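What follows is the residue order along each chain.
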Amino acid sequence: MKNQIPTEQAIFDHQQGSEPILDKTWLSPTGFFGWFTHVNQRKIGFRFVVTSLIFFALGGLLALLMRLQLVQPENTLMGAEFYHQIMTMHGTTMMFFFAVPAMEGLGIYLVPLMLGTRDMSFPRLNAFGYYVYLIAGITLYLALFLGMAPDTGWFSYVPLAGIEFSPGKGVSFWTTMITFIEISALTAAVELIVTILKQRAPGMTLNRMPIFVWSILVMSFMIVFAMPTVMVGSVLLALDRTFATQFFVAAGGGDPLLWQHLFWFFGHPEVYIIVVPALGIVSTIISTFCQREIFGYTAVVLSMVTIGFVSFGLWVHHMFTTGLPHLGLSFFTAASAMIAIPSGVQIFCWIATLWGSKVRLKTPMLFIMGFFAVFVIGGLTGVMAASIPFDMQAHDSYFVVAHLHYVLIGGAVLPFFAGLYYWYPKMTGKMLSERLGQWSFWLIFVGLNLTFFPMHQLGLDGMPRRVYTYLHSMGWEDINFFVTCAAFLMAFGFLLTFINTFISPHKSKSAGSNPWQADTLEWWAESPPRNYNFRHLPVVNSRTPLWQKAPIHKVTGIRADRRETLITTLLDAKAQSVCIMPTPTYWPFVLALTVGFGFLGFMFKPILFVVGFFLSFFAILGWLWPSRPWLAEKPPEEGHPIRGLQ
């Protein structure tokens with residue numbers, strides 16, 4: 001309530017002198033303690049992106065340690081236990097703490113701007129999700145530094161992850177933090193869905209929505225349906241380990257394969273949860289750098305929706321060697337091959353957009369061109385791995401490691417870095433260095449191909465994945481030495497981008513509001529956007545509002561002295577009502593602490609979970625405690641809540 005402007009008369013954004021009041025109304029508190037009260041979508045989205053990049057750097061360092069261990073046969077740099085700890089932490093970090101939060105962070109920052117609104121639907125829930133994510137990540141890395149990290153892989157297969165074969169707290173940390181962080185993912189997904197469906201600018205019908213927003217909508221629905229299964233699985237595993245239940249213990253009547261079903265029903269859609277937003281980034285950047293609307297808008301959107309649906313029918317191709325009936329496996333082979341069809345439709349649409357246009361080969365576009373090459377290779381090896389006879393031979397070998405990294409780095413990391421270079425000017429008001437950007441791209445592109453392509457051969461030569469060393473007689477040392485050198489080359493490329501983001505705010509020129517001459521609404525706001533995003537909410541008449549010759553119409557009649565934003569109808573985005581948004585508060589941070597206390601306490605004393613439950617109850621009570629009215633209600637004589645469209 002600190003930002004509320006105590007006035008007797010309501011002030012509206014179309015009134016003279018309302019802009020400073022609007023700015024103050026949406027201001028986030030400053031200072032160290034103020035940092036814990038922020039609820040603004042740009043603040044939270046930016047934190048998600050920065051924090052995920054920190055975890056990306058940590059996960060990359062762990063990968064380099066693994067490569068150093070494998071650089072020569074029978075290396076003694078580290079033992080088997082520590083190797084498996086950093087292998088588990090690398091996979092867990094990249095999948096749970098980098099890829100999904102990074103894409104969600106971009107969505108949280110950009111979607112309200114692209115929709116022409118002033119904030120997310122549930123700003124406090126948004127902040128709560130970030131603190132949960134931060135606490136989970138810090139806790140897991142504390143476990144690593146204390147020598148208590150999990151060492152059973154990012155998939156934690158049972159019975160290896162059971163208490164009999166993995167005593168201690170390592171796997172308990174993994175199960176607890178995975179359940180915990182999925183709360184964060186689910187909160188972000190729910191906010192994004194509601195924001196996209198109910199807060200679009202007037203006139204932005206569903207078929208005028210930016211493709212990136214469509215991709216975030218598909219990703220969010222996938223999270224809602226996929227994440228609960230891994231939460232259920234990790235809770236059941238925690239119960240097996242803590243209370244000796246027998247869900248995954250064959251001797252007790254349980255089924256170890258149940259864990260694999262639960263995990264991979266989440267795990268394979270997880271890949272597309274990461275890739276689908278990346279496809280939205282690709283379409284957005286290609287359209288901008290070709291200066292033409294994306295070819296086949298409807299086909300591209302339907303392809304993303306199709307990928308979302310089909311991805312839930314593929315999980316068993318991770319289990320081809322588990323002894324399941326072959327007739328059932330054939331269905332999953334067909335489904336695995338079928339997902340190449342909507343992916344191919346998008347690639348053809350991108351090629352058609354590029355065809356005949358004068359493409360500007362700036363750094364974001366270079367990353368997109370790199371995505372084309374790498375993702376197609378990853379897709380082709382995916383079709384190979386979907387074949388049961390081939391999968392039987394290549395299963396658990398370095399061929400799968402190569403395929404996995406081609407898909408994830410090509411399908412998600414390269415587009416994410418393209419998006420980073422593309423939207424960095426909007427977030428900071430400064431351009432990134434083009435020279436450093438291009439050096440970074442070429443080092444990453446060459447490095448990743450030299451790192452992962454030879455791994456196909458390693459796999460075909462029989463080198464199993466997840467081993468911490470190998471014998472001289474196996475003949476794998478030359479390729480492993482080459483791969484390790486190439487991995488450092490790729491890491492240097494990523495380092496250049498990190499350096500670029502640090503030095504550019506001090507040395508580069510001002511970006512202006514629309515440095516790329518893009519067509520979507522986020523570029524209508526200043527760079528960086530003001531506290532309230534837009535001085536007036538826009539009215540949209542096409543898919544490319546900034547490329548239209550006619551000026552953008554504006555909504556007037558939104559109050560400037562309290563946090564108001566417009567609610568619109570689901571399909572046609574007609575103005576429906578005005579929503580009053582909550583103000584900054586400590587309660588989301590307090591609730592994240594109490595929930596975290598309950599989850600962490602459960603690992604040591606189950607009764608502490610009950611204590612955390614009651615502490616969380618009081619935190620929720622404080623969160624929902626009614627506040628006194630913002631100000632005396634004196635609606636104007638005409639036109640509130642929406643005075644009109646100009």
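Okay, so let's go over this structure. Just so you know, these numbers come straight off a predicted model, no measurement behind them.

Rules used in this analysis
Residues numbered from 1 in each chain as written. Predicted model: local features only at pLDDT ≥ 70, side-chain atom pairs only at ≥ 80, totals over all residues. Heavy atoms only, no water. Phe/Tyr/Trp six-rings, centres within 6.5 Å; stacked < 30°, edge-to-face > 60°. Buried < 20%, exposed > 50% of the residue type's maximum accessible area, 1.4 Å probe, protein only. Helix = DSSP H or I, 4+ residues; strand = E, 2+ residues; numbered from the N terminus. Axes fitted to C-alpha atoms, helices over the stretch in contact; angles between N-to-C directions. Parallel < 35°, antiparallel > 145°, perpendicular 65-115°, else oblique. Contact = heavy atoms within 4.5 Å. Nonpolar A, V, L, I, M, F, W, Y, C, P; charged D, E, K, R; others polar.

### Re the packing of aromatic side chains
Think of a pair of aromatic rings as described by two things: how far the centres are apart, and how the planes are tilted against each other in angle.
Then, number 1: As enumerated under the stated definition, the model contains 63 aromatic pairs in all.
Then, number 2: Pairing Phe32 with Phe36 gives two aromatic rings, centres 5.3 Å apart and planes at 80°, and the pair type is edge-to-face.
Then, number 3: Classification of Phe32 by relative accessible area gives exposed; the value is 60%.
Then, number 4: Looking at Phe36, the relative accessible area reads 17%, which means it is buried.
Then, number 5: Taking the centre distance of 6.2 Å and the plane angle of 85° together, the rings of Trp442 and Phe445 count as edge-to-face. Of the two residues, Trp442 and Phe445 are both situated in helix α15 (residues 434-460); the distance of three residues between them amounts to about one turn of the helix.

### Some remarks on the packing of helix α17 (residues 587-604) against helix α18 (residues 607-624)
Then, number 1: Direction vectors running N to C along α17 and α18 enclose 170°, while the axes themselves pass 7 Å from each other. Comparing the axis directions of α17 and α18 gives the class roughly antiparallel. Side by side, α17 and α18 meet where Trp587, Pro588, Val590, Leu591, Thr594, Val595, Phe597, Gly598, Phe599, Gly601 and Phe602 of the first sit next to Leu608, Phe609, Val611, Gly612, Leu615, Ser616, Phe618, Ala619, Ile620, Gly622 and Trp623 of the second.
Then, number 2: Split into classes, the residues belonging to the contact of α17 with α18 amount to 16 nonpolar, six polar and no charged.

### Quick look at unusual backbone geometry
Then, number 1: Each neighbour pair has its own omega, and for Val158 with Pro159 the value is 5°, a cis peptide bond.
Then, number 2: Its place among the elements puts Pro159 in the loop between α5 (123-145) and α6 (170-198).
Then, number 3: With an omega of -10°, the peptide bond between Ser527 and Pro528 qualifies as cis.
Then, number 4: Mapped onto the elements, Pro528 comes out in the loop between α16 (477-507) and β1 (538-539).
Then, number 5: With a phi angle near 55°, Gln517 is a residue other than glycine that sits in the positive phi range.
Then, number 6: Position of Gln517 among the secondary structure elements: in the loop between α16 and β1.
Then, number 7: If you check the backbone angles, Ala573 has positive phi at about 55° while not being a glycine.
Then, number 8: When you line up the elements, Ala573 lands in the loop between β3 (564-568) and β4 (575-580).

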